[in-house]
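A structural walkthrough
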Amino acid sequence: MAEPAARIAPATPPFAPEVQTWLDRTMPQGQPPLLLFTTLARDTRLFNKFFSAGLLDRGNLTLRQREVVIHRTTALCGSQYEWGVHVAIFAARVKLTPEQLHATVHGSPDDACWNDEDRLLLRLCDALHGSCALDDTLWQSLRERFSEQALLELLMLAGFYRTVSYLTNALCLPSEPGAARFPPAAATR
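Cut-off values and rules
Residues numbered from 1 in each chain as written. Predicted model: local features only at pLDDT ≥ 70, side-chain atom pairs only at ≥ 80, totals over all residues. Heavy atoms only, no water. Axes fitted to C-alpha atoms, helices over the stretch in contact; angles between N-to-C directions. Helix = DSSP H or I, 4+ residues; strand = E, 2+ residues; numbered from the N terminus. Parallel < 35°, antiparallel > 145°, perpendicular 65-115°, else oblique. Left-handed = near helix turned anticlockwise from the far one by under 90°. Contact = heavy atoms within 4.5 Å. Nonpolar A, V, L, I, M, F, W, Y, C, P; charged D, E, K, R; others polar. Patch = residues over 30% accessible without salt bridge, like charges linked within 9 Å, V, L, I, M, F, W, Y side chains within 5 Å. Areas by Shrake-Rupley, 256 points an atom, 1.4 Å probe, with all protein chains shown as cover. Salt bridge = Lys/Arg side-chain N within 4 Å of Asp/Glu carboxyl O. Buried < 20%, exposed > 50% of the residue type's maximum accessible area, 1.4 Å probe, protein only.

**Considering the packing of helix α5 (residues 80–91) against helix α6 (residues 98–106)**
Two elements in contact, α5 and α6, have axes separated by 12 Å at closest approach and are oriented at 160°. In terms of axis orientation, α5 runs roughly antiparallel to α6. Note on packing geometry: the crossing formed by α5 with α6 is right-handed. On the side of α5, the interface is formed by W83, V87 and A91, while α6 contributes L101, T104 and V105. When its residues are assigned to classes, the contact of α5 with α6 shows 5 nonpolar, 1 polar and no charged.

Now the structure itself:
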């Protein structure tokens, strides 16, 4: 089944100088920019504001911690576009197994494929997605494992990728070439 066309056409080169500089710094050499990036490039002001909050730098979390949160948040939001991009670029790098990738979409924090830290991160994502809040028990468990700076980053990261999911879903962005697709629910776990 064909994906619907994007609701807003992407900008085309030449891009504004600050947009081009960011794309050159972010995209691997020889790889075209992602559709999300070029769509946001239609408005340089919004592009700059959006990516100044991107949390793509080395922060208070490991790459794996970040990716577990990003995969779960985008899956909960139904953003196959963003989930698939992160699977293609980061899943192998952070050693997310096929079983874990399936569980980010269809599983639970209690699935046997997760370690204790992953379970805690998934619970954070599930709670924020469900109620936009964390209960005291979950907060205390997170405080035992993460610094205050890391906790702030986790909250911002989940919120940022919820925003990314809003964008990719509402704009009907078609999947990037080479990006993964959500696994079917009945796939072997």
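Alright, that's what it looks like, and here's the rest.
**Topic: a nonpolar patch on the surface**
A cluster of nonpolar side chains, namely W139, L152 and L155, defines an oily patch on the protein surface of about 260 Å² accessible area. Note that L152 resides in helix α9 (residues 148–170). Using a relative accessible area of 53% as the deciding quantity, one classes L152 as exposed.

**Re α6**
Taken together, the buried positions of α6 are Q100, L101, H102, A103, T104 and V105. Buried positions along α6 lie against α4 (63–76), α5 and α7 (116–131).

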